[in-house]
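Given next are the chains, with one letter for each unit.
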Amino acid sequence: MTHCGHDAIMRPTPCRVWGDKMAIHDFTSQRLFVDASLAAEAQVPCSPEQHHYLIKVLRLNTGAAVLVFNGRDGEWRARIGTVTKRGAVLIVEEQTRQQTAGPDIDYLFAPLKHARLDYMVQKVTEMGVRRLRPVLTRRTIAERVNLDRMRANVIEAAEQCGILRVPEVLEPQKLAHVLDRWDAARTLIFCDEAAAVVNPIAALAQVAKGPLAVLIGPEGGFADDERTAILAQTATRTVSLGPRILRADTAAVAALAVINAVVGEEY
Ligand code: SAM
C-alpha cells in the first residue's frame, strides 16, 4: 500500500487504489432509475414523470434505447416499448455494467435550507457517498427535513453521474444520539474550521483503511460542547480544509474530493 503524503504531491505516486482504469460507462444515453427488478426481457413501466420526460421532453418513441438501473442489479440497456398517451413500457435487453458496492463513506451533515441543501445532496451523491445521514445540532437552522425531496435529488444526481449504487437517505437524528452509538470501527473525519491548518492529504493518509464517515457542521458551526463530544470519540480524526471558512456545501465537496483522492474510489 502506498501512502500519499508530501512526497506524493511532488512525485505522482498512486494512492491506495487509483490505477489507470478509465470510466467505462456510456455518457451519451439517457439513464433512468427504476424501482423494479432488472433482468433480460423484464418489462418496466415508466413513472408518469419518466413518461413525460422521455416522450414529451426528449421526444423519444418506441424503439429508442435508454439505460436503466435500480441500485441492486447493475445497469441495463432497455428500449422503449409500447407508448400510449398516459404511459410507456421499457423492455430490458442486456446488462451493460454489473452492480458495484462503491466506497463505504457515510456523509453526516447538519441540514441546510432549501436550495443549498438540494445542491449539497446532489454534490455528495456525485462524490460517491454510501449514506446521507442528517444530524440535528444546536445551531441547525432547518429543523424540518424533507426526506422525499432529498431522495429525489439523490436519484437525479445518480442518473446524471453514472453511479450504480443509489445512496441511502436516513432519518435525521440528534448529534448526541449519533455520537452515543458511534461504531468505533468507522473512522469519523471531522471537518473542523478551528483545527490547525495542516495539509489534509497528509492527515488523511494516516487514516486506517476501512469504513469512513465525514462530518460537516451547520452554517453557524458546532457549539463548544458539541465539538468536545465529537473530539472525544476514539474514531474521530480532525481535518482542516484550509485557512478559509467554507460554506457547508463547499466544505462537503472539498472534503470528499480530498478523501477520494487519498483513500481511493473503491476499497
Ligand atoms: N464556525 C463558522 C460559523 O460560525 O459560521 C463556520 C461554519 S462553516 C460555515 C460550516 C461547516 O463547514 C463547519 O462546521 C465545518 O464542518 C465545515 N468547514 C468550513 N470551513 C472549514 C475549514 N476550513 N476546514 C474544515 N472544515 C470546514
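As the structure is a computational prediction, the values presented were derived from the model and not from experiment. (Residues numbered from 1 in each chain as written. Predicted model: local features only at pLDDT ≥ 70, side-chain atom pairs only at ≥ 80, totals over all residues. Heavy atoms only, no water.)

Core analysis: the biggest nonpolar cluster contains 33 residues, and Tyr107, Met150 and Val214 have the highest contact counts within it. Elements with a contribution of two residues or more to this core: strand E6 (105–109), helix H3 (114–126), helix H4 (147–161), strand E10 (187–191), helix H6 (200–205), strand E11 (212–216) and helix H8 (248–263). Here the element with the most residues in this core is H8; it accounts for nine residues. When residues no more than four places from it in sequence are discounted, the contact partners of Tyr107 are Met120, Val124, Val129, Arg131, Leu132, Arg133, Val214, Ile216, Ala248, Ala252 and Leu256. (Core = buried A, V, L, I, M, F, W, Y, C linked by side-chain atoms within 4.5 Å. Buried < 20%, exposed > 50% of the residue type's maximum accessible area, 1.4 Å probe, protein only. Helix = DSSP H or I, 4+ residues; strand = E, 2+ residues; numbered from the N terminus. Contact = heavy atoms within 4.5 Å.)

Once that is clear, we can look at the confidence of the model for the protein chain. Summary statistics for the protein chain give a mean pLDDT of 89 and a share of 88% for residues scoring 70 or more. Long-range and interchain partners of residues 1–15, a stretch whose pLDDT sits below 50, account for 17 contacts in this model, where long-range means more than four residues apart. (pLDDT = per-residue confidence, 0-100.)

Judged by pairing direction, the sheet is mixed, and its five strands sit side by side in the order E1-E3-E4-E5-E2 without closing on themselves. Two strands lie at the open edges of the sheet, namely strand E1 (31–33) and strand E2 (43–45), each paired on one side alone. Between one strand axis and the next, the sheet turns through 40° on average, direction left out of account. In this structure, E1 lies alongside strand E3 (residues 65–69), joined through three bridges in parallel fashion. Bridge pairing in E3 places Arg31 opposite Leu67. Running over the sheet, H4 touches E1 and E3 and is turned about 150° from E1. (Pairing = 2+ DSSP bridges. Axes fitted to C-alpha atoms, helices over the stretch in contact; angles between N-to-C directions.)

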